[in-house]
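What follows is each chain in one-letter form.
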Amino acid sequence: MDDHSDAFLLRVRAAPAEAGSEPSGPGGDGVHLIRHARGVMIGWRPVEIIHTPGTSPPDMDDPAEQPALRRAFRLAVAAALRAAGFAVETRVDEGLLVVDPEHTGRA
């Protein structure tokens, strides 16, 4: 990657961090960023939630795996990125693609 790509990745990383979603390290749970040919992919690997007795029905799957939480994450992070001036595409794999203006012709 060139210096422009590194700078773009750092700017993208800062936007969710400022909104309270600090990206995790490689392979960790939580928010993760991956370089993509057109920009930066952002995804979320949920941290396992420990059930305390009486907090959720015993037949309920891990709340972190619920589609509503994944959707809420995507909406919140996409809003933070757009507020920071980034173009964001929602992907079918439940990730977000932050498009680098160098790859769209917009600068």
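Up top is the structure.
Residues numbered from 1 in each chain as written. Predicted model: local features only at pLDDT ≥ 70, side-chain atom pairs only at ≥ 80, totals over all residues. Heavy atoms only, no water.

Draft legend 1. Examining the environment of Phe8 more closely. Examined against the element boundaries, Phe8 turns out to sit in helix 1 (residues 3-18). What makes Phe8 buried here is its relative accessible area of 2%. When neighbours within four sequence positions are excluded, Phe8 is seen to be in contact with Gly39, Val40, Phe86, Val98, Val99, Asp100 and Pro101. (Helix = DSSP H or I, 4+ residues; strand = E, 2+ residues; numbered from the N terminus. Buried < 20%, exposed > 50% of the residue type's maximum accessible area, 1.4 Å probe, protein only. Contact = heavy atoms within 4.5 Å.)

Draft legend 2. Seen up close, the pattern of salt bridges. Per the stated rule, a full pass over the model turns up two salt bridges. Salt-bridge contacts for Arg35 lead to Asp6; the nearest nitrogen and oxygen are separated by 2.8 Å. Pair noted here: Arg35 is in strand 1 (residues 30-36) and Asp6 is in helix 1, with a separation of 29 residues, a long-range link. Arg38 is the partner of Glu89 in a salt bridge, and the nearest nitrogen-oxygen pair spans 2.6 Å. Note that Glu89 is positioned in strand 3 (residues 87-90) and Arg38 in the loop between strand 1 and strand 2 (39-45), a separation of 51 residues in sequence. Relative accessible area serves as the criterion here: at 30%, Glu89 is assigned to the partly exposed category. (Salt bridge = Lys/Arg side-chain N within 4 Å of Asp/Glu carboxyl O.)

Draft legend 3. Region of interest: the sheet that holds strand 3. Strands sit in the order 1-2-4-3 across an open sheet of four strands; the sheet is antiparallel. The open sheet is flanked by strand 1 and strand 3, the only strands paired with a single partner. On average, adjacent strands in this sheet sit at an angle of 25° to one another, irrespective of strand direction. With four bridges joining them, strand 2 and strand 4 (residues 96-99) adopt antiparallel strand pairing. From the neighbouring strand, Met41 faces strand 4, where its bridge partner is Leu97. Relative to strand 2, helix 2 (residues 67-83) is tilted by about 145°, and along the sheet it contacts strand 1, strand 2, strand 3 and strand 4. (Pairing = 2+ DSSP bridges. Axes fitted to C-alpha atoms, helices over the stretch in contact; angles between N-to-C directions.)

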